Amino acid sequence: MIKAVRGTRDLLPPDTDLWNRVEAQVRDVFARYNYHEIRTPIFEDTQLFSRGVGEETDIVTKEMFTWEDKARGQSEKAQSLTLRPENTAGVVRAYIEHGLDKKGTLQKLYCIGPMFRRERPQKGRYRQFYQIDAEIIGPPSAGSESPLRDAELLEMLATLLDEVELHDWQLQLNSVGCAEDRARYNQALREALQPVVHLMCADCQRRAETNPLRVLDCKVPEDQPIIEKLPKIGQYLDEPCRAHFAAVQSMLNAVGIAYTINERMVRGLDYYTRTTFEFTHGGLGAQSAVLGGGRYDGLSESLDGPKAPGIGFAIGEDRLILALQSQGEKPAEKVQAYIAPLGAGMNRHALKLARELRRAGISADIGDETFRLKKSFESAEKAGARFIVIVGENEVAAEQFAVKNLASGEQVQVPRADLAAHLQR
Ligand code: ATP
Ligand code: MG
């Protein structure tokens, strides 16, 4: 038997009803904050990620699905391609490629779709997973560097999580400063790590050489006491970065959004500058981050684009759904009306009635072909319908149908013209 590949999974009803409910609410929130959708390809030139995300990140060193695409004919070149592991690099590539900076305004873009990382599959960690991404990017003259953008984005996330009814989330906030701050901090980390690094995991020993900041990402339990004692990044921020971070915090305070500062949170991608953040939820176990994001003021330039500071986030949709389910979130409501034809001759009448109701906005299903009342009631219960509507010869002749509310047991005769309104209630 052929099965879904390890780390991938099928999403089935009724879970997909919850996924769709969340996506519809999220699109609604984005629209109110003036974001518009962008759809970028699922695979890109490998270099976009090695240069954009960073050579020394876990994503690039071990998690990418990459293949050599052979040339077909003379017009094509062989090329290394990669399934996107994240989408900020793709959005910034599109921003540069289409000259969106020339519009001179802030671009508020969002995207919903699958990402791919070859990680060890476990609860909340898959090889194909879904992200809801949003980015604010634009020339500095449009205010893209302003701390207001950081605060606005975080406030939107708080609203978005409230509207999808995720309870008890926590916002963790940090600033990783600018490139110069991080150079100084990396130097301090290098020195602090020197006497202890031999006690750490093999990955950390390599990171301590190539990119000491990444040591803070380490998830090996034995390494944690050492990491706790390392210098904190806050001490290495220059004055503009310090002021930027303070402004973000004061605006969050003004709109009443609670957060905790977590100086260890440097995030797993090299392009971040200044503000970084994660929203976590207790219902998720070890993989507690529902979403993560931050500022990336230099990313466009590192991809040979114009200066285009930006800030964005990616919600792990799989984890958001898991967190909602951990709260006892129920699948979406089932069908409103189950239409039961009493005999083969009634099928066309049932179909006609179903057409009228569906076009009036009622979700309806038509019964099976047993044409017996008892069996029809059982099927309607099984379908989880709210009402059953009986379509027999007498009903059709009288233009009046027997309607039973399956929850309360109440049964009434309803004239055809009033049926949609009755079922809507
Ligand atoms: P983690 O620390 O959990 O590995 P990350 O720092 O790699 O997360 P990002 O690259 O910032 O995560 O992605 C943003 C969000 O996407 C995460 O907060 C998480 O909710 C989700 N995510 C990341 N990797 C996976 C995965 N393999 N399966 C499911 N969701 C994921
Ligand atoms: Mg990860």
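See above for the structure.
So, here is what we can say about the structure in this document. This structure is a prediction, so every number in the text was calculated from the model and none was measured.

### Regarding the pattern of salt bridges
- All told, the structure shown has 30 salt bridges when counted by the stated rule.
- Here Glu97 makes a salt bridge to Arg93, at a shortest N to O gap of 2.7 Å. Of this pair, Glu97 and Arg93 are both found in helix 4 (residues 88–97), 4 residues apart, which corresponds to roughly one turn of the helix.
- Here Glu97 falls in the exposed class, since its relative accessible area comes to 56%.
- Note that Glu239 and Arg242 form a salt bridge whose closest N and O atoms lie 3.6 Å from each other. Residue Glu239 and its partner Arg242 are both found in helix 9 (residues 239–255); the two are separated by 3 residues, about one turn of the helix.
- Among the residues examined, Glu239 registers a relative accessible area of 54% and is labelled exposed.
- Connected through shared salt-bridge partners, Asp58, Lys62, Asp203, Arg206 and Arg207 make up one network.

### Notes on the pairing of strand 7 (residues 169–175)
- Of all the 7 residues making up strand 7, 6 are buried; the element is thus mostly covered by neighbouring parts of the structure.
- Here strand 7 runs beside strand 9 (residues 273–281); their pairing, made up of 7 bridges, is antiparallel. Bridging across to strand 9, Leu173 finds its partner in Phe277.
- Across 2 bridges, the pairing between strand 7 and strand 8 (residues 260–261) is parallel. By the bridge assignment, Gln172 is partnered in strand 8 with Thr260.

### Considerations on the sheet that holds strand 15 (residues 400–405)
- With mixed pairing, the 5 strands of this open sheet are ordered in space as 13-12-14-15-16. Because the sheet does not close on itself, it has two edges, and the strands there are strand 13 (364–366) and strand 16 (411–415). The sheet shows a mean angle of 25° between the axes of neighbouring strands, direction not considered.
- Pairing between strand 14 (residues 387–391) and strand 15: 4 bridges, direction antiparallel. Its bridge partner lying in strand 15, Ile388 is registered against Lys404.
- Taken strand by strand, helix 13 (residues 373–382) contacts strand 12 (337–341), strand 14 and strand 15, and its axis lies near 150° from that of strand 14.

### A short note on the side chain of Arg267
- Locating Arg267 in the fold gives a position in the loop between strand 8 and strand 9.
- In terms of polar contacts, Arg267 uses its side chain to reach the side chain of Glu278, at 3.0 Å.
- Beyond its immediate sequence surroundings of up to four residues, Arg267 is in contact with Arg214, Asp217, Tyr272, Thr276, Phe277, Glu278, Gly292 and Gly293.

### Considering helix 9
- For helix 9, spanning 17 residues, the distance from its first C-alpha to its last is 25 Å, which sits close to the expected 24 Å at 1.5 Å a residue.
- Within helix 9, the full set of buried residues consists of Cys241, His244, Phe245, Val248, Gln249 and Leu252. Axial view of helix 9: buried residues confined to an arc of 130°, hence all on one face. Facing away from the buried side of helix 9 by over 90 degrees, the exposed positions are Glu239 and Ala254.
- Contact partners of the buried residues in helix 9: helix 5 (147–163), strand 7, helix 6 (179–193), strand 8, strand 9 and strand 10 (289–295).
- Structurally, the start of helix 9 carries an N-cap: the backbone nitrogen of Cys241 is 3.0 Å from a side-chain oxygen of Asp238.
- Positive backbone phi, at 75°, marks Gly256, one or two positions downstream of helix 9.

### A few points about the sheet that holds strand 7
- With mixed pairing, 8 strands are arranged side by side in an open sheet as 1-5-6-11-10-9-7-8. Edge positions in the open sheet fall to strand 1 (36–37) and strand 8, since each of these has one partner strand only.
- In terms of strand pairing, strand 1 meets strand 5 (residues 107–116) through 2 bridges, oriented parallel. Considered in strand 5, the bridge of His36 is made with Leu109.
- The sheet contacts of helix 5 involve strand 5, strand 6 (128–137), strand 7, strand 9, strand 10 and strand 11 (310–316), and relative to strand 11 the element is tilted by about 20°.

### Describing empty space enclosed by the protein
- Counted by the stated rule, this structure contains 1 cavity of 30 Å³ or more.
- A volume near 40 Å³ is recorded for the largest cavity.
- Taken together, Tyr185, Leu216, Ile227, Glu228, Leu230, Pro231, Lys232, Glu263 and Arg264 make up the lining of the largest cavity.
- Looking at the lining of the largest cavity residue by residue, the class counts come to 5 nonpolar, no polar and 4 charged.

Rules and cut-offs
- Residues numbered from 1 in each chain as written.
- Chains lettered and ligands numbered in written order.
- Predicted model: local features only at pLDDT ≥ 70, side-chain atom pairs only at ≥ 80, totals over all residues.
- Heavy atoms only, no water.
- Salt bridge = Lys/Arg side-chain N within 4 Å of Asp/Glu carboxyl O.
- Helix = DSSP H or I, 4+ residues; strand = E, 2+ residues; numbered from the N terminus.
- Buried < 20%, exposed > 50% of the residue type's maximum accessible area, 1.4 Å probe, protein only.
- Pairing = 2+ DSSP bridges.
- Axes fitted to C-alpha atoms, helices over the stretch in contact; angles between N-to-C directions.
- Contact = heavy atoms within 4.5 Å.
- Polar contact = N/O pair within 3.5 Å; in protein donor to acceptor, adjacent residues only side chain to side chain.
- Expected span 1.5 Å × (residues − 1).
- Arc of directions from axis to C-beta.
- 1 Å grid on protein atoms, 1.4 Å probe; cavity = no way out; pocket = protein on both sides within 12 Å on 5 of 7 lines; lining within 4 Å.
- Points joined across faces, edges and corners; volume = space filled by probe spheres on them.
- Nonpolar A, V, L, I, M, F, W, Y, C, P; charged D, E, K, R; others polar.

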